[in-house]
Amino acid sequence: MLNRSLSTFMNAFTASDYTLYPFSTQNPKDFQNLLSVYLDAAFFPCLRQLDFWQEGWRLEHENPADPQTPLVFKGVVFNEMKGAFTDNERIFAQHLQNKILPDHTYGVVSGGDPLCIPDLTWEQLKQFHATHYHPSNSRFFTYGNFPLEQHLKQIHEEALIKFERIESNTEIPKQKLWEKPREHSVTCGLDSFAADPSKQTTVSVSYLLTDITDTFETFTLSLLSSLLVEGPNSPFYKALIESGVGTDFSPDVGFNGSTREAYFSVGLQGIAERDIDTVKQIIARTVDEVIAKGFEEDRIEALLHKIEIQLKHQTTSFGLALTSYIASCWNQDGDPVELLKIADKVSRFRQCLKENPTFLQEKVKTYFKDNPHRLTLSMSPEEDYHNKQAKMEAEKLEKKVNALSEEEKTQIFEKGLELIALQSKPQDTSCLPALKVSDIEPKIPFTVLETTLTADEIPVQYCAQPTNGVVYFRAVSSLNTLPEELKPYVPLFCNVITKLGCGALDYREQAQKIELKTGGMSVSPHIIPDDSHLDVYEQGVLFSSLCLDRNLPDMMHLWSEIFNNPRFEEEEHFRVLVKKTAQELSNGIPDCGHLYASIRASKNLTPSGELQEMFSGMDQVKLMKRIAEMSDIKPILRKLPRIKKYLLNSDNIRCSVNAAPQQIPEASKEVEKFIKGIARSKKERKPVRPHVIEVRNYFIWRAQPADPTFKPCQMKTHFVLPFPVNYIGECIRTVPYTAADYASLRILARLMTAKFLHREIREKGGAYGGGAKLGHNGIFTFYSYRDPNSLATLKTFEKAIKWAKSGEFTQQDIDEAKLAVFAAVDAPIAPSDKGMDHFLYGISDEMKQAHREQLFAVNSDNLVDVSNKYLAVGKSTRSQAVLGPENADITKDPSWVKR
């Protein structure tokens, strides 16, 4: 349906005790189509072929080295979960839930333990579906402005009347409370990027709280949890993070309300095993201190202010967020309407504090100090952890295969052949409803923008929008004059510049002020390729923040202080931030491995690719690891004021404001005051590369003309990591956004994903996901993730190109690809983000409309033409990267660089 719809969201989520099937669209006909298909998917799935999944999985592992063995279905869910459990944070969080709620469904891995998945039979799955995935056991949620009556009528006619009501008996009993605390230890894989290899242990103390259907108590404990762990002023941040014992909080820190009874967890990762007792003592001591001292009134007000902003801030996924927010409680027969009365709960919370000043301390005593249902969980790495898992898997499979008769083996083999034949046939999708390309709006509405030149000709873009009492401010400052040796440290600078203090405020006071007066202030690297030239790009830093209308002067004053008077003397706090950042980057690799592979593969294809790898790729992960390892961090800290000189001034800056029409004059006054108040550099600085000329093209400073020393080149990189699955990226240099062929390549990427790559990589290859995409930078990317294959997948990318060159697709296929692309092109834009394509990327509505018309015009000949012109071997420069386990075939191939 992704290819037959203009959906803005479509997925299915598996929680520990429910499955959620969410979708969204802006088109009424599309909504009816999707609802019809989703009802079928939930209640009437075809389970006929599921035995292929299990039997074929056995066959593939029985004789994996035999090239004559057909590549049968390998269990996509199996590889998904193997991939999920390469993530040590995921392992820890899973064990935490299993052990603190051990008596029922929360005591098992609902997504599927890889070693248990082979035991699931077709009959078991079929029976489970019949009793659980039934209208009697379901709940429906809609949000939006389409008439409700039509939804109800369709749900009734297409699902409810086709079933008899049953008693599903799926209620989850309450966990039996413990009489005394428990402890548990588990193992995990080694972290290749740990700053200190001797400190890879994680420990947490977790407390069972209340039934989530008690909505006010749950609300109160959620706020209490935030007060305990969020930000540098929280008691556990001060006691644990700043102790220097570990690198970051333990996984799943804070409040977890997704299970029938909520729980709270706090601890540290990146500690030495010998420090487990030290962490436990710190936690117990901190609980006692909170009971004795309570919380500062300003911290409570800052938290309630955060809730006010969250209620006013409009996002395009508001309906989905509401669904997720109410799902767990409603699933346990809680009242979803009561749950959404957040303003009432805030009022009641204030009243409780007023009537009883020790209200929160008493909660801490009840749920933490005096609570015997308390779990201490520790996790330490095992050097051969993944090898042991693989061995257990192999032994289990061998046992199952040995139990098969020759007749059963023959039957499985024949089923495998039948499945491979079935997978190779084109699917008949004629039974599915679909929109037509003619259903797509031919023109886009243009956004009204006002651009002014304020103090010293600084451009400011104003966009009047119904922002619900919130002001959104952004600024971009150029990196063109920053010396090359400082550039690798820009991401670190961005990460810490709002967290080290400014002006008269130390870092704690600054954090408090930011929470009280804004909805957050962030800084990030900003690399934007030119829309007309692949080797031209903007390099800068993006500053973003939002606040309630009444707090605009305070927010802009904070930015002024950060620009003019940042503080860099807090060495110990800087060290804490460095360790935390390095740990977060390392932990993020299993979830984003294919992105890291793609960034590395595009590194040598354009000048901006090189910078992207430096800022966001494996190079940055390794740099942060090295910095975190340093015993003396002063040399790095001394680089920050040097970067500040080039970045935090008004030399090359532009700003934007999105606010309600009546707020624009006030915003204009405050932004002008900010610009006039920040420093200009004392001397004129030229770009660091003599051949780079700065050109201000209306709004954006580009590095132009292209770097004459740059030559795109091919590279193959294998990052050897202790994972059981692979993450793969192959990138090809093509054309920029405004080129005539860009639209054809964009449609082609979607066509290849839907009609070839999904089938070959996921259905046949067993990877959790894969596909092709075209970036704004003109890089055409093939990718796969949680993939049991590596070189075989790269061969599949080659086959996909041959398939495209052959033109083996129909007009219907092309139309479906266009629908999928337009679903992304026409995705809703929140009031806060209107005009941002123009401000951030230099793409006007006129350019978007021209691109739209090019997309409509793409035909079969265009697709074959661009396949031959850019994707065929030898036509364009391409590079490849793989993150994954040791690979003998890659090792013996000298064209690969092993990292």
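Residues numbered from 1 in each chain as written. Predicted model: local features only at pLDDT ≥ 70, side-chain atom pairs only at ≥ 80, totals over all residues. Heavy atoms only, no water.

Within an unreviewed UniProt entry, the label attached to the protein reads Presequence protease, mitochondrial, and the organism entered is Buteo japonicus. Per UniProt, the protein carries the Subunit (unreviewed entry) text "Monomer and homodimer; homodimerization is induced by binding of the substrate." We quote the UniProt Subcellular location (unreviewed entry) comment for the protein here in full: "Mitochondrion matrix". (UniProt positions renumbered as here; feature names shortened; annotations may be inferred.)

Q: Where do I start with the packing of aromatic side chains in this structure?
A: Here the distance between the centres and the angle between the planes together describe a pair of aromatic rings. Summed over the entire model, instances satisfying the criterion amount to 30 aromatic pairs. Across the ring face of F85, the terminal group of R90 is positioned such that the distance to the ring centre comes to 5.3 Å. A cation sits over an aromatic face here: K773 above Y783, 5.4 Å from the ring centre. (Phe/Tyr/Trp six-rings, centres within 6.5 Å; stacked < 30°, edge-to-face > 60°. Lys NZ or Arg CZ within 6 Å of the ring centre and 35° of its normal.)

Q: Sorry if this is basic, but what is going on with the packing of helix α10 (residues 297-312) against helix α18 (residues 507-517) here?
A: The description of two helices packed together rests on the angle between their axes and the distance between the axes. Interhelical geometry of α10 versus α18 gives an angle of 40° and a closest axis separation of 7 Å. Relative to α18, the element α10 lies oblique. At the point where α10 passes α18, the crossing takes the left-handed sense. Here α10 contributes D298, R299, E301, A302 and H305 to the contact with α18, which in turn contributes Q512, E515, L516 and K517. The class makeup of the residues in the contact of α10 with α18 is two nonpolar, two polar and five charged. (Axes fitted to C-alpha atoms, helices over the stretch in contact; angles between N-to-C directions. Helix = DSSP H or I, 4+ residues; strand = E, 2+ residues; numbered from the N terminus. Parallel < 35°, antiparallel > 145°, perpendicular 65-115°, else oblique. Left-handed = near helix turned anticlockwise from the far one by under 90°. Contact = heavy atoms within 4.5 Å. Nonpolar A, V, L, I, M, F, W, Y, C, P; charged D, E, K, R; others polar.)

Q: I keep staring at the side chain of E80 and nothing clicks. Help me out?
A: Along the chain, E80 turns up in helix α3 (residues 76-84). One buried charged residue, E80, forms no salt bridge at all, with the nearest opposite charge on R786 at 4.6 Å. When near neighbours in sequence (up to four residues on either side) are disregarded, E80 contacts Y768 and R786. (Buried < 20%, exposed > 50% of the residue type's maximum accessible area, 1.4 Å probe, protein only. Lys, Arg positive; Asp, Glu negative; His and termini not counted. Salt bridge = Lys/Arg side-chain N within 4 Å of Asp/Glu carboxyl O.)

Q: Sorry, what's going on with helix α1 (residues 28-43) here?
A: Because each turn of an α-helix spans 3.6 residues, side chains separated by three or four positions end up pointing in the same direction. Spanning 16 residues, α1 covers 23 Å between terminal C-alpha atoms, matching the ideal 22 Å at 1.5 Å per step. Those residues of α1 not exposed but buried are D30, F31, N33, L34, L35, S36, V37, Y38, L39, A42 and F43. Against the buried residues of α1 lie β1 (9-10), β4 (23-24), α5 (122-132) and α6 (148-158). Capping the start of α1, N27 holds a side-chain oxygen 3.0 Å from the backbone nitrogen of K29, two or three residues further along. (Expected span 1.5 Å × (residues − 1). Polar contact = N/O pair within 3.5 Å; in protein donor to acceptor, adjacent residues only side chain to side chain.)

Q: What is the right way to look at the pairing of strand β20 (residues 726-733) in this model?
A: Look at any regular strand and the pattern is simple: side chains alternate between the two faces of the sheet. Within β20, eight of the eight residues are buried, which leaves it mostly tucked inside the rest of the structure. Where burial is concerned, the two faces of β20 agree: the one with N726, I728, E730 and I732 and the one with Y727, G729, C731 and R733 are both buried. Pairing geometry for β20 and strand β22 (residues 779-787), over seven bridges, is antiparallel. Within β22, the position partnered with C731 by the bridge is T781. (Pairing = 2+ DSSP bridges.)

Q: Which parts of the structure should I look at to understand the nonpolar core?
A: The tendency in soluble globular proteins is for nonpolar side chains to be buried side by side. Core analysis: the biggest nonpolar cluster contains 110 residues, and F236, F473, W559 and F574 have the highest contact counts within it. With eight residues, helix α7 (residues 215-229) is the single largest residue contributor to this core. Filtering out sequence-adjacent residues up to four positions away, W559 remains in contact with F473, T498, M521, S522, V523, F543, S544, S545 and F674. Among the nonpolar cores identified, the runner-up in size contains 47 residues, and L757, A800, I801 and L819 belong to it. (Core = buried A, V, L, I, M, F, W, Y, C linked by side-chain atoms within 4.5 Å.)

Q: I keep staring at the side chain of S206 and nothing clicks. Help me out?
A: Its location among the elements puts S206 in strand β6 (residues 201-211). Look past the residues within four positions of S206 in its chain and what remains in contact with it is L96, I100, F264, S265, H373, R374 and L375.

Q: I would appreciate a short explanation of the sheet that holds strand β14 (residues 521-529) in the present structure.
A: Backbone hydrogen bonds are what pair the strands of a sheet, in a parallel or an antiparallel way. Spatially, the six strands line up as an open sheet ordered β11-β12-β16-β13-β15-β14, and their pairing is mixed. Here the strands that pair on one side only, and so sit at the sheet edges, are β11 (450-454) and β14. Direction aside, the axes of adjacent strands within the sheet are offset by 20° on average. Relative to strand β16 (residues 653-659), strand β12 (residues 458-464) runs parallel, the two sharing five bridges. Bridged to C463 within β16 is N658. Contacts between α10 and the sheet are confined to β13 (470-478) and β15 (537-548), with β15 contributing the most and set at about 110° to the helix.

Q: Which parts of the structure should I look at to understand unusual backbone geometry?
A: Leave glycine aside and you will find that most residues have negative phi; peptide bonds, for their part, are mostly trans. A positive phi is found at D252, a non-glycine position, where the angle reads about 60°. The exposure class assigned to D252 is partly exposed, which follows from its relative accessible area of 27%.

Q: How should I be thinking about the sheet that holds strand β21 (residues 769-774) in this particular structure?
A: Strand order in this open sheet of six strands is β21-β22-β20-β23-β19-β24, and the pairing throughout is mixed. The strands lining the two open edges of the sheet, one partner per strand, are β21 and β24 (897-898). Where strand β19 (residues 716-720) meets strand β23 (residues 878-884), five bridges bridge the pair, whose relative direction is parallel. Paired with H718 across the bridge in β23 is V882. The strands that helix α26 (residues 742-764) touches are β21 and β22; relative to β21, the one it contacts most, it runs at about 170°.

Q: Explanation requested: the pairing of β23 in the structure shown.
A: Counted residue by residue, β23 has seven buried out of seven residues, so it is predominantly covered. Every second residue of β23 is oriented toward a common face, with R878, Q880, V882 and G884 on one face and S879, A881 and L883 on the other, all of them buried. Taken together, the six bridges between β20 and β23 define a ladder with antiparallel strand orientation. Bridge pairing in β23 places E730 opposite Q880.

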